[in-house]
Amino acid sequence: MKIVQLQMHVYEEKEKNLAQLGEYLKRTAHEQADIVTVGEMFTCPYQTEKFPLYAEREGEKSWKICSELARMYGVYLCAGSMPEVDENGKIYNTAYVFDRKGEQIAKHRKAHLFDIDIENGQYFKESETLTAGDSSTVFETEFGKMGVCICFDLRFPELSRMMVEQGAKMILVPAAFNMTTGPAHWEILFRSRALDNQCFVAGTSSARDREAGYVAWGHSLLVSPWGDIIEEMEEKEGYISNEINLDYVEKIRKELPLLKARRQDIYSGEV
Ligand SMILES: NC(=O)CC(=O)C(=O)O
């Protein structure tokens with residue numbers, strides 16, 4: 001299967017971000033992607049005070065455009081994430097996944113809110129305006145099952161392990177690390193999750209914009225179940241396209257049977 005990861009610029013205007021997605025899908029149509037992914041909060045500048053202003057209900061305009069684009073281009077579209085508001089006015093960081101017909105087949109609400117305060121580094125407090133989701137998310141494709149989680153979620157190995165236990169052979173991660181945590185943790189985290197779960201992991205970031213309120217690290221990447229980086233971008237906007245075979249997951253799991261060799265009997269005791 002072919003996966004295309006779009007590392008896009010995030011504009012102030014929501015409409016411009018959605019139009020850009022359409023343009024990228026047109027520009028990459030010759031790649032004949034099966035699955036296309038975009039970054040975290042791709043419709044909205046990554047700033048807590050903006051989330052309520054840009055948030056929409058499921059099924060509204062941004063959702064409709066993404067669904068229509070998935071249908072038009074006949075791809076699975078992991079529509080990064082965008083701010084979602086529910087019927088009670090709560091706001092979530094939400095990734096929708098559409099199938100080739102434009103039907104929504106999954107929805108993940110970021111389960112671990114990104115609240116950090118690093119001395120002389122990045123401060124961010126998603127909990128100022130966001131509510132956390134409370135589930136792991138796996139969906140079916142003709143290539144096998146895939147999971148989706150959002151950025152900070154990847155730091156919690158339990159969530160990836162849950163998706164893998166539910167059958168995921170690849171984990172899609174819309175993300176936006178920053179200039180403090182990106183250089184320190186980005187690659188190592190993606191490689192660790194791929195290695196300890198023996199699955200593909202695809203991290204898709206927004207492009208770096210030094211003028212933005214939050215400066216994203218970029219570096220969208222795809223990691224194999226062996227822990228190799230198949231391809232990694234730099235900070236600029238653009239895309240990467242890679243052909244992968246999810247059967248490779250089974251090969252690695254057979255040769256190095258880590259998941260089978262687990263000692264659940266000794267891990268499950270109370271600490
Ligand atoms: N943006 C995030 O949710 C996470 C992040 O930048 C980090 O973990 O570092």
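In this text the structure is predicted, and so the values were computed from the model without any measurement.

K.L.:
Break down the sheet that holds strand β11 (residues 200-205) for me, with residues and values.
P.N.:
Read from one edge of the open sheet, six strands run β8-β9-β10-β11-β12-β13, paired in mixed fashion. Across the chains shown, the open sheet's two edge strands, defined by having one partner strand only, are β8 (138-141) and β13 (229-232). When strand polarity is set aside, the average angle formed by the axes of neighbouring strands in this sheet is 15°. Strand direction decides the pairing type here: strand β9 (residues 144-148) and strand β10 (residues 168-175), joined by four bridges, are parallel. Bridge assignment links K145 to a residue of β10, and that residue is A168. The sheet contacts of helix α4 (residues 157-165) involve β8, β9 and β10, and relative to β10 the element is tilted by about 140°.

K.L.:
Any chance you could break down the packing of aromatic side chains for me, citing the residues and the numbers?
P.N.:
Counted according to the given criterion, the structure contains twelve aromatic pairs. When the ring of F124 is compared with that of Y214, the centres are 5.2 Å apart and the planes differ by 70°; the resulting orientation is edge-to-face. Of this pair, F124 sits in strand β7 (residues 123-125) while Y214 sits in the loop between β11 and β12 (221-223), placing them 90 residues apart in sequence. Within the aromatic cluster, the residues linked to one another by ring pairs are Y46, F51, F114, F124, F152, F156 and Y214. Over the ring of Y92 we find R109; its NZ or CZ atom is 3.7 Å from the centre of that ring.

K.L.:
Explain the packing of α4 against helix α5 (residues 181-197) residue by residue, including any values.
P.N.:
Across the interface, α4 lies against α5 with an axial gap of 10 Å and an inter-helix angle of 40°. Here α5 runs oblique to α4, going by the angle between their axes. Like other packed secondary-structure pairs, α4 and α5 cross with a definite hand, here right-handed. Contacts between α4 and α5 involve P157, S160, R161 and V164 from the former and R193, D196 and N197 from the latter. Each residue belonging to the contact of α4 with α5 can be placed in one class, and the counts come to two nonpolar, two polar and three charged.

K.L.:
Hey, could you go over the side chain of T37 for me, with residue numbers and the actual values?
P.N.:
If you trace the backbone, T37 turns up in strand β2 (residues 35-37). T37 sits in the buried class, given a relative accessible area of 2%. Looking at T37, its side chain comes within polar contact range of the side chain of T204, at 2.7 Å. Look past the residues within four positions of T37 in its chain and what remains in contact with it is I3, V4, Q5, L6, C78, L172 and T204.

K.L.:
So what about the confidence of the model for the protein chain? Which residues, and what values?
P.N.:
For the protein chain, mean pLDDT is 97; residues scoring 70 or higher make up 99% of the total. Interface confidence in the predicted complex, given as ipTM, is 0.98; pTM for the same model is 0.97.

K.L.:
I'd like a description of the nonpolar core, backed by residues and values.
P.N.:
The biggest cluster of nonpolar side chains holds 41 residues, and the ones touching the most others in it are I3 and M170. Taken together, the elements giving at least two residues each to this core come down to β3 (76-85), β4 (91-98), β9, α4, β10, α5, β11 and β12. Looking at this core, the element that brings in the most residues is β10, giving six residues. Other than its neighbours up to four places away in sequence, I3 contacts I35, T37, M170, L172, A202, L222, I240, S241, N242 and I244. L21, Y24, F42 and C66 belong to the second-largest nonpolar core, a separate cluster that totals 21 residues.

Thresholds, definitions, all that
- Residues numbered from 1 in each chain as written.
- Predicted model: local features only at pLDDT ≥ 70, side-chain atom pairs only at ≥ 80, totals over all residues.
- Heavy atoms only, no water.
- Pairing = 2+ DSSP bridges.
- Helix = DSSP H or I, 4+ residues; strand = E, 2+ residues; numbered from the N terminus.
- Axes fitted to C-alpha atoms, helices over the stretch in contact; angles between N-to-C directions.
- Contact = heavy atoms within 4.5 Å.
- Phe/Tyr/Trp six-rings, centres within 6.5 Å; stacked < 30°, edge-to-face > 60°.
- Lys NZ or Arg CZ within 6 Å of the ring centre and 35° of its normal.
- Parallel < 35°, antiparallel > 145°, perpendicular 65-115°, else oblique.
- Left-handed = near helix turned anticlockwise from the far one by under 90°.
- Nonpolar A, V, L, I, M, F, W, Y, C, P; charged D, E, K, R; others polar.
- Buried < 20%, exposed > 50% of the residue type's maximum accessible area, 1.4 Å probe, protein only.
- Polar contact = N/O pair within 3.5 Å; in protein donor to acceptor, adjacent residues only side chain to side chain.
- pLDDT = per-residue confidence, 0-100.
- Core = buried A, V, L, I, M, F, W, Y, C linked by side-chain atoms within 4.5 Å.

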